[in-house]
Amino acid sequence: MREGNVGMQVFTAVTKSPSGQNYEQNSAEAFDNITLLAVGQLWPMRTWDSLLQRAIYQADKLAGFEAKAPDHLKIVRSLADLEEVIAARQNGSQVTAGILGIEGAHALEGDIANMDALEDAGYRLIGLHHFFDNELGGSLHGISNAGLNEFGTAVVSEAAKRGMVIDVAHSSPAVARDVLALVEQPIVVSHSGLHGYCPVKRNYQDSLMKAIADKGGVIGMGYWTGAACDDITPAGIAKMIKAAVETLGEDHVSLGSDFDGSVETAFDTSELAALTHALMLEGLSEPQIRKVMGDNMLRVLRASLK
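Cut-offs applied
- Residue positions are counted from 1 within each chain, in the order its sequence is given.
- At least 70 in pLDDT is required for a residue's local features to be given in this predicted model, at least 80 for side-chain atom pairs to be given and counted, and no such filter applies to totals for whole chains, interfaces and linings, which use all residues.
- With hydrogens and water stripped out, all remaining heavy atoms of the structure feed into the side-chain values.
- Helix and strand labels come from DSSP, where a helix needs a run of H or I of at least four residues and a strand needs a run of E of at least two; each type is numbered from the N terminus.
- Restricting the calculation to C-alpha atoms gives the radius of gyration, and the globule rule supplies 2.2 Å times the number of residues raised to the power 0.38.
- Residue burial is assigned from relative accessible area. The probe radius is 1.4 Å, only protein chains are included, and a residue is buried under 20% of its type maximum, exposed over 50%, and partly exposed in between.
- Residue contacts are defined here by distance: any two heavy atoms, one from each residue, within 4.5 Å place the two residues in contact.
- Neither His nor the chain ends contribute to the count of charged residues, in which Lys and Arg are positive and Asp and Glu negative.
- Just so you know, the charge point we use is NZ for Lys, CZ for Arg, CG for Asp and CD for Glu.
- Centres within 6.5 Å make a pair out of two Phe, Tyr or Trp rings, where for Trp the six-membered ring is used; the pair is then stacked when the planes are under 30 degrees apart, edge-to-face when over 60, and tilted otherwise.
- By definition, being over a ring means that NZ of Lys or CZ of Arg is both within 6 Å of the ring centre and within 35 degrees of the ring normal.
- The salt bridge criterion pairs a side-chain nitrogen of Lys or Arg with a carboxyl oxygen of Asp or Glu, the two atoms within 4 Å.
- In short, DSSP must find at least two bridges between two strands for them to pair.
- Here, the term right-handed applies to a crossover whose path from the first strand over the helix to the second runs clockwise when the strands point away from the viewer.
- Each residue after the first adds 1.5 Å to the expected span of a helix.
- What makes a nonpolar core is a set of buried Ala, Val, Leu, Ile, Met, Phe, Trp, Tyr and Cys residues whose side-chain atoms join them at distances within 4.5 Å.
- Between N or O atoms, a polar contact is any pair within 3.5 Å; within protein, one atom must be a potential hydrogen donor and the other a potential acceptor, and residues adjacent in sequence are included only when both atoms are from side chains.

Caption draft 1: Inspection of the overall build of the protein chain at higher detail. Within the protein chain, the regular secondary structure consists of eleven helices and eight strands. Computed over its C-alpha atoms, the radius of gyration of the protein chain comes to 18 Å, within 12% of the 19 Å expected for a compact globule of 306 residues. Overall, the protein chain is about 50 × 45 × 35 Å in size when its C-alpha atoms are taken along their principal axes. A buried classification covers 54% of the 306 residues belonging to the protein chain. In the protein chain, of all internal contacts separated by at least 6 residues, the share reaching a separation of at least 24 is 66%. Taking the average location of the 24 positive side-chain charges in the protein chain and that of its 39 negative ones, the two points are 3 Å from each other.

Next comes the structure, spelled out in structure tokens:
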């Protein structure tokens, strides 16, 4: 991240992953790969059968990195923390603002009171779903295609009240529309692609992306074939970003790498300058590139964090 001059990075925790996961349809009852990972990597026993404890454990790991290298990483827990990092970087610091996110609110284990534990652990971005339907409603890759239920509505309302960024990257289209109707703050699709550019189920239809943009939201463009289709080189991702800017507007497109260790990408975060260069070659202006490379997401963070 220092080599790539990364000023902000979202770190998301996965707490459950169904065996054989795919973009089309997954059951919440499928064997959970994270259980195997937790046992195999000797995570604390409290994490073996608790999604909440897995989230807390992963937050503790990031806090450990911050403690070891405070000049390089600052976990953002408030708007004041964010502004502190921005000011430090403007004064020459290489510190990176780390925003903790949860990839799927099933980590709440169906209990709204567990919002306290996630907030206390440092989580400030809440992805409502991952690859399966959960207690909040339907996943983009689940079975029901349902919207938000009563519990999901309560979680989204509570997240907004607490100053959390709401992420619908893996939620069903019905959930995304329900969230748009429920909250005033801009929401994000943290890592995805443009359906009109890459027509796969992983990418929402352009009409829904436009509705998210119309309420101030931001869509993060992913670097992998499941979001971008054929060309995932910096040139290919820049081409997709340009198409997204033309479709959604320059204020609603951001980076959504999905550097998660299992998704294959063609470049890593140290090579971010290659993407900047590719955007220049695509003809984007410097102000447009600044927006895509961080200013758009920064606006959403400022609108959400307290």
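Caption draft 2: Structural view of the packing of aromatic side chains. Enumeration according to the criterion identifies four aromatic pairs in this entry. An aromatic cluster is built from Tyr223, Phe259 and Phe267, whose rings are joined through pairwise contacts. Positioned above the aromatic ring of Phe132, the side-chain terminus of Lys16 is 4.8 Å from the ring centre.

Caption draft 3: Layout of the pattern of salt bridges. By the definition in use, this model includes 13 salt bridges. In this structure, the salt-bridge partner of Asp32 is Arg54, at a minimum N-O distance of 2.7 Å. Pair noted here: Asp32 is in the loop between strand S1 (8-13) and helix H1 (33-40) and Arg54 is in helix H2 (residues 51-68), with a separation of 22 residues, a long-range link. Arg54 sits in the buried class, given a relative accessible area of 1%. Put simply, Asp60 and Arg46 hold a salt bridge, and the shortest N to O gap is 4.0 Å. Here the residue Asp60 occupies a position in helix H2, and Arg46 occupies one in the loop between H1 and H2, the gap between them amounting to 14 residues. A relative accessible area of 42% means that Asp60 is categorised as partly exposed.

Caption draft 4: Inspection of the environment of Asp260 at higher detail. Tracing the sequence through the fold places Asp260 in the loop between strand S8 (253-255) and helix H10 (272-281). Between the C-alpha atoms of Asp260 and Phe11, which are 249 residues apart in sequence, the distance is 9.1 Å.

Caption draft 5: The arrangement of the pairing of strand S3 (residues 96-103) in detail. With respect to burial, S3 is a largely interior element, eight of its eight residues being buried. What you see with S3 is no split at all: Thr96, Gly98, Leu100 and Ile102 on one side and Ala97, Ile99, Gly101 and Glu103 on the other are buried throughout. Here S1 runs beside S3; their pairing, made up of six bridges, is parallel. Considered in S3, the bridge of Gln9 is made with Gly98. Strand direction decides the pairing type here: strand S2 (residues 73-75) and S3, joined by three bridges, are parallel. Looking at S3, one finds that Ile75 is bridged to Gly98. Here S3 runs beside strand S4 (residues 123-127); their pairing, made up of four bridges, is parallel. Residue pairing for S4: Leu100 is matched across the bridge by Tyr123. As a crossover connection, the stretch from S3 through helix H4 (residues 115-121) into S4 is right-handed.

Caption draft 6: Main features of helix H9 (residues 234-248). Here H9 spans 20 Å end to end across 15 residues, near enough to the 21 Å set by a 1.5 Å rise per residue. Those residues of H9 that fall on the buried side of the exposure criterion are Pro234, Gly236, Ile237, Ala238, Met240, Ile241, Ala243, Ala244, Val245 and Leu248. Of the surrounding elements, those touching the buried residues of H9 are helix H7 (206-214), strand S7 (218-221), helix H8 (225-228), S8, H10 and helix H11 (286-304). Count one or two residues on from H9 and you reach Gly249, which has phi positive near 100°.

Caption draft 7: Expanded view of the nonpolar core. Counting 67 residues, the largest nonpolar core has Ile126, Leu128, Ile166, Val179 and Ile241 as the members making the most contacts within it. Counting residues per element, this core draws most heavily on H9, at eight residues.

Caption draft 8: Quick look at the side chain of Ser190. Relative to the helices and strands, Ser190 resides in strand S6 (residues 188-192). Ser190 sits in the buried class, given a relative accessible area of 17%. Within polar-contact distance, the side chain of Ser190 engages the side chain of Asp167 at 2.6 Å. Polar contacts involving the side chain of Ser190 include one to the side chain of His191, which spans 2.7 Å. When sequence neighbours within four positions are dropped, the list of residues in contact with Ser190 reads Asp167, Ala169, Gly220, Leu255 and Gly256.

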